[in-house]
Amino acid sequence: MRDITAPLLDWYDVHAREMPWRVMPDDRKAGVMPNPYAVWLSEVMLQQTTVAAVRQYHQKFTRIWPTVAELAAAEDADVMAAWAGLGYYARARNLLKCARAVVADHGGAFPQTYDDLITLPGIGPYTAAAISAIAFDEVSTVLDGNVERVMARLYDDHTPLPAAKPVLMDYAQRHTSNERPGDYAQAVMDLGATICTPKSPACGICPIMVECAARAAGSQTELPKKTPKKPKPTRHGIAYIARRADGAWLLETRPDKGLLGGMLGWPTTEWGDAPDEYEPISADWIESDTEARHTFTHFNLVLRVQTAWLPQDASPNRGQFMPEDTFSPSALPTVMQKAYTLAAATLRPV
């Protein structure tokens, strides 16, 4: 078996990336352990999001809600607004559910084992492994995209993803450290993020290059292989952006279930091939000559944007008015911000 654990940990001791939620190797060796709340929050935020994007959000959340109990007691709308722009909004809903479960069922203390963590809302196998290893030094094996890439190259395995996941997990389990599982988990992910990168891996400075079968075969840039994805379909919709005479904006909270669930946004039609118009109020709607376009995980969205000024006594059949002084476009999901940008000039007070 290829021995990568020791050289990888030696490399991490010198090159570990500083992150708001991370305890650095020297401090950890001195007995300092991470804050489980900070680790959990980072792992949820990092799902399908980069470290660069997560840093400021993590700092904002821990400033507003320093403990899991304070987050559990927060208003849903406040949390969703703070999450706006980070994407994949089901994570924010699960964040609240998980925080409340930790408080209600575990006395406000995160469970320390993989088996207990995975029972919490929004925590799957990877997240349970990451939290149990990083926060509690349980011997758990993490397998994210970075680790998959490292293992596929280490063993020169050309099995395409996602079918390769079980064998890549087997490889990863072979190297998980029994003595420093938390540091090892972070080390192997750091390696994939900074050296064993998807394109142009820096093999010449890799701490495990001697053991890498793909480097020996010259196939490292080909791995991991992936099954070709089907083209994303395109859905269409209409966003209705209206403003009352006093400057208030007409907004609605989307249903809890479904895309952007629980988020504040503009009233829209259904999103589909040819959605029927679904105006929130009868008005002289004017359509923008530019569309708001956004890409979600499984489809592309094209939103036509219609705007209208409404009288002070307007009574919409959907949504509610938000006063101008409390409205913040940055609290909206990114696609709704894009629609707002198109509408803002039309609805600027005279």
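Computed from a predicted structure; not experimentally measured.

What counts and what doesn't
- Along each chain, the written sequence defines residue order, and numbers are assigned to residues from 1.
- Given that this is a predicted model, residues contribute local features only at a pLDDT of at least 70 and side-chain atom pairs are listed and counted only at 80 or more, while totals for whole chains, interfaces and linings are drawn from all residues.
- Values reported for side chains reflect all heavy atoms of the structure, with hydrogen atoms and water molecules removed beforehand.
- Strands here mean DSSP runs of E at least two residues long; helices mean DSSP runs of H or I at least four residues long; both are numbered from the N terminus.
- Relative accessibility decides the category of a residue: with a 1.4 Å probe and only protein chains considered, values under 20% of the type maximum give buried, values over 50% give exposed, and everything between is partly exposed.
- Using a 1.4 Å probe, the Shrake-Rupley method yields the accessible areas, and only the shown protein chains count as cover for residues.
- Lines fitted to C-alpha atoms define the axes, with helix axes restricted to the stretch in contact, and inter-axis angles between N-to-C directions lie between 0 and 180 degrees.
- For classification purposes, an angle smaller than 35 degrees is called roughly parallel, one larger than 145 roughly antiparallel, one from 65 to 115 roughly perpendicular, and anything else oblique.
- Two helices that cross are described as forming a left-handed crossing if the nearer one is turned anticlockwise from the farther one by less than a right angle, and a right-handed crossing if clockwise.
- Contacts are assigned to residue pairs with any non-hydrogen atoms lying within 4.5 Å of each other.
- Any residue that is not Ala, Val, Leu, Ile, Met, Phe, Trp, Tyr, Cys, Pro, Asp, Glu, Lys or Arg is counted as polar, Gly included; the first ten are nonpolar and the last four charged.
- Strand pairing follows a simple DSSP-based rule, namely that at least 2 bridges must link the two strands.
- Working definition: rings of Phe, Tyr and Trp (its six-membered ring) pair if their centres are within 6.5 Å, and the pair is stacked with planes under 30 degrees apart, edge-to-face with planes over 60 apart, and tilted otherwise.
- For a lysine, the NZ atom is tested; for an arginine, the CZ atom; a charge sits over a ring if that atom is within 6 Å of the ring centre and within 35 degrees of the ring normal.
- Given the number of residues in a helix, its expected span is that number minus one, multiplied by 1.5 Å.
- Nonpolar cores are built from buried Ala, Val, Leu, Ile, Met, Phe, Trp, Tyr and Cys residues. Side-chain atoms within 4.5 Å join them into one set.
- Read the arc as the range of directions from the helix axis to the C-beta atoms.

**As for the overall build of the chain**
Per the secondary structure count, the chain includes 14 helices and 7 strands. Along the first, second and third principal axes, the C-alpha atoms of the chain reach 75 × 45 × 35 Å. For the chain, with 350 residues in total, the buried portion stands at 49%. For the chain, the exposed area adds up to about 16,800 Å²; of that, 51% sits on carbon and sulfur atoms.

**Thoughts on unusual backbone geometry**
Each neighbour pair has its own omega, and for L161 with P162 the value is 5 degrees, a cis peptide bond. Each neighbour pair has its own omega, and for L223 with P224 the value is 0 degrees, a cis peptide bond. Within the secondary structure layout, P224 lies in the loop between α13 (213-217) and β1 (234-244). Phi angles above zero are rare outside glycine, and Q48 is one such case at about 65 degrees. Topologically, Q48 is positioned in the loop between α3 (36-46) and α4 (51-64). For Y88, which is not glycine, the phi dihedral falls at a positive 50 degrees. For Y88, the location among the structural elements is in the loop between α6 (76-83) and α7 (90-106).

**Focus: the packing of α3 against helix α9 (residues 125-136)**
Interaxial distance between α3 and α9 falls to 10 Å at its minimum, and their mutual angle equals 150 degrees. The angle between α3 and α9 places the two elements in the roughly antiparallel class. When you trace α3 past α9, the crossing you get is right-handed. Note on element contacts: α9 touches α3 through Y126, T127, A130, I131, I134, A135 and F136, opposite P36, V39, W40 and E43. Among the residues forming the contact of α3 with α9, the class breakdown is 9 nonpolar, 1 polar and 1 charged.

**So, the pairing of strand β6 (residues 300-310)**
In terms of burial, β6 is largely enclosed, as 8 of its 11 residues are buried. One ladder, built from 11 bridges, connects β1 with β6; its direction is parallel. Within the sheet, the bridge partner assigned to I241 lies in β6 and is T307. Pairing of strand β4 (residues 286-287) with β6, which is carried by 2 bridges, proceeds in the antiparallel orientation. The residue bridging E287 from the neighbouring strand is Q306, located in β6.

**Comments concerning the packing of aromatic side chains**
Tallied over the full model, the rule gives 15 aromatic pairs. Considering the side-chain rings of W40 and F110, the 5.1 Å spacing of their centres and the 45 degrees angle between planes classify their relative orientation as tilted. Placement of W40 in helix α3 and of F110 in the loop between α7 and α8 (114-117) is noted, with a sequence separation of 70 residues between them. Residue W40 shares its accessibility class with F110, and that shared class is buried. Members of the aromatic cluster, joined through ring pairs, are W249, W266, F327 and Y340. Between the NZ or CZ atom of R244 and the centre of the ring of F321, over which it lies, the distance is 4.4 Å. The ring of Y278 has R318 lying over it, and the distance from NZ or CZ to the ring centre is 3.9 Å.

**Comments concerning helix α12 (residues 181-194)**
In this model α12 runs 20 Å from its N-terminal to its C-terminal C-alpha over 14 residues, within 8% of the 20 Å that 1.5 Å per residue would give. By the criterion of burial, α12 is predominantly enclosed, with 12 of the 14 residues buried. Considered for burial, the residues of α12 that qualify are P181, G182, D183, Y184, A185, Q186, A187, V188, M189, D190, L191 and G192. For α12, the secondary structure elements touched by its buried residues are α1 (5-15), α2 (25-29), α9, α10 (145-154) and α11 (165-175).

**Looking at the nonpolar core**
Among the nonpolar cores identified, the biggest contains 99 residues, and W40, F61, M151 and W266 are the most heavily contacted of them. The greatest single-element share of this core, amounting to 8 residues, is contributed by α9. If we ignore the near neighbours within four places in the chain, the residues touching W40 are V68, L71, L95, C98, A99, F110, I123 and I131. Formed by 11 residues, the second largest nonpolar core is a distinct cluster that contains I238, Y240, L310 and A314.

**Structural notes on the environment of A74**
Turning to its location among the elements, A74 is positioned in the loop between α5 (68-72) and α6. It is 9.8 Å that separates the C-alpha atoms of A74 and R100, two residues lying 26 residues apart in sequence. Aside from chain neighbours lying at most four places away, what touches A74 is W65, V79, L96 and R100.

**Describing α1**
Those residues of α1 that fall on the buried side of the exposure criterion are T5, L8, L9, W11 and Y12. Buried residues in α1, looked at end-on, bunch into an arc of 160 degrees, giving them a common side. Residues of α1 that are exposed and point over 90 degrees away from its buried face: D10 and V14. Check the buried side of α1 and you find it contacts α2, α11 and α12.

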